[in-house]
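Coordinate inspection notes
The chain contents come next:
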Amino acid sequence: MVASNTMNIAKRFTSIFAVVAVSASLGAAVPAASAGSAMADTTVTATRSFPKTAAAKRDFLAEHTSTDVESNADWGGIESLDVPQTESQAEKDRKAQEQAEAEAQAQAQAAQAQTQTQAEAQTASRSSERADISSVPTAPASATGQALADYALQFQGYPYVSGGNTPSGWDCSGFVQWVFAQFGVSLPHYSGAQMSVGTAVGSIAEAAPGDIIVNTQHAAIYIGNGMVINALNPAQGTQVTSLAVFSGGYAIRRVL
């Protein structure tokens, strides 16, 4: 009985091993049959490892921005470089304008100083020439316009003094007033008041020597041919000029 059971068990194990063997052979055959189609759809991934390195990484950013140089170099650090500075067009224009204004101001000051020096020299020269007021010419006895004009011409170069009315210094209307006074004619001092003295003359073509040419800013004595003698300013003193010294219109007044 025992021997019969042992044989049965042996037969069962034999069957099981046979089934397993058949399954294994079938499993191995299937991949071999389909290997051609499976290879077309299969992605093979390969991996590879690299050995670790012990070298330290360099700080490239720090090296890029560094301003240090060798101790024996002549270049110096970046802070010592002499980099030329550029200017915008607006800055260049502003500097050019400032330079032009400075030059113009300097020229104006130089011209003013020169004019003042010349005026002072002329005044000093005239003062020395006429230090003795008793040398002033005496007016002629004939009280005519021509005589008055001829007498007035003797005072060319006499000094100009604002508000004055004597040979030591007079302004334009003060000169006219003083000259007429030497012929016994009393006139007001200022030009605006002298516009109403004597009688009016219609035009310069009708004017005669000795007439007064006057407006509210200036007064002069007519000497003929479109010319007058008048006191101008401290730099020029008393001179003969054309009627161009009158800006705007003027009146012609006849007293003698």
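What you see is a predicted model; the values in this text were computed from it and never measured.

Strands sit in the order E3-E8-E4-E5-E6-E7 across an open sheet of six strands; the sheet is antiparallel. Each end of this open sheet is capped by a strand with a single partner; those strands are strand E3 (199-200) and strand E7 (237-242). Both E3 and strand E8 (residues 251-254) contribute to a ladder of two bridges, which runs antiparallel. Within E8, the position partnered with Ala200 by the bridge is Arg253. On the sheet, helix H6 (residues 172-181) packs against strand E4 (212-214), strand E5 (219-224), strand E6 (227-233) and E7 and is oriented at approximately 60° with respect to E5.

This part is about the pattern of salt bridges. Taken as a whole and judged by the stated rule, the model has two salt bridges. The shortest N-O distance in the salt bridge between Arg94 and Glu98 comes to 3.3 Å. One end of the pair is Arg94 and the other is Glu98, both in helix H4 (residues 89-129) and four residues apart, which spans about a single turn. Arg254 is paired through a salt bridge with Asp211; the nearest N and O atoms lie 3.0 Å apart. Of this pair, Arg254 sits in strand E8 while Asp211 sits in the loop between E3 and E4; the two residues are 43 residues apart in sequence, bridging distant segments of the chain. You can call Arg254 partly exposed: its relative accessible area is 29%. The buried category is assigned to Asp211, whose relative accessible area is 1%.

Moving on: the pairing of E5. Judged by how many residues are buried, E5 sits mostly within the fold: six of six residues are covered. Across three bridges, E4 lies against E5 in antiparallel orientation. Bridge assignment links Ile212 to a residue of E5, and that residue is Ile221. Pairing analysis gives three bridges linking E5 to E6, with the strands arranged antiparallel. Residue Gly224 lies in a different strand from E6, and its bridge partner there is Met227.

At their nearest, the axes of helix H5 (residues 145-152) and H6 sit 10 Å apart, and the two run at 125° to each other. Compared by their axis directions, H5 and H6 come out oblique. Relative to H6, the crossing made by H5 is right-handed. Contact with H5, carried on its side by Leu148, Tyr151 and Ala152, involves Phe175, Trp178, Val179 and Phe180 of H6 and no other residues of that element.

Let us now look at the environment of Arg254. A C-alpha to C-alpha distance of 8.3 Å links Arg254 and Ala207, two positions 47 residues apart in sequence. Those residues in contact with Arg254, other than ones at most four positions away along the chain, are Gly198, Thr199, Val201, Glu206, Ala207, Ala208 and Asp211. A polar contact is formed between the side chain of Arg254 and the backbone oxygen of Glu206, at a distance of 3.0 Å.

Calculation criteria
Once a new chain begins, its residue numbering starts again from 1 and follows that chain's sequence as written. Only residues with pLDDT of 70 or above have their local features reported here, since the model is predicted, and side-chain atom pairs are shown and tallied only from 80 upward, although totals for entire chains, interfaces and linings are computed over all residues. Hydrogen atoms and water are omitted, and side-chain values are computed over all heavy atoms in the structure. Pairing between two strands requires that DSSP report at least two bridges joining them. Secondary structure elements are defined from DSSP: runs of H or I of at least 4 residues count as helices, runs of E of at least 2 residues count as strands, and each element is numbered from the N terminus. Any two residues having at least one pair of non-hydrogen atoms within 4.5 Å are treated as being in contact. Angles here are taken between N-to-C directions and fall from 0 to 180 degrees, while the axes themselves are lines fitted to C-alpha atoms, restricted in helices to the stretch in contact. Here, a salt bridge means any side-chain nitrogen of Lys or Arg that lies within 4 Å of a carboxyl oxygen of Asp or Glu. The classification of residues rests on relative accessible area computed with a 1.4 Å probe and restricted to protein chains. Under 20% of the type maximum is buried, over 50% is exposed, and intermediate values are partly exposed. The labels follow the angle: roughly parallel below 35 degrees, roughly antiparallel above 145, roughly perpendicular from 65 to 115, and oblique for the rest. Crossing chirality is assigned from the near helix's rotation relative to the far helix, an anticlockwise turn below a right angle marking it left-handed and a clockwise turn marking it right-handed. The term polar contact refers here to a pair of N or O atoms within 3.5 Å; inside protein, the definition further demands a hydrogen-donor-capable atom paired with an acceptor-capable atom, and it admits residues adjacent in sequence only when both atoms are side-chain atoms.

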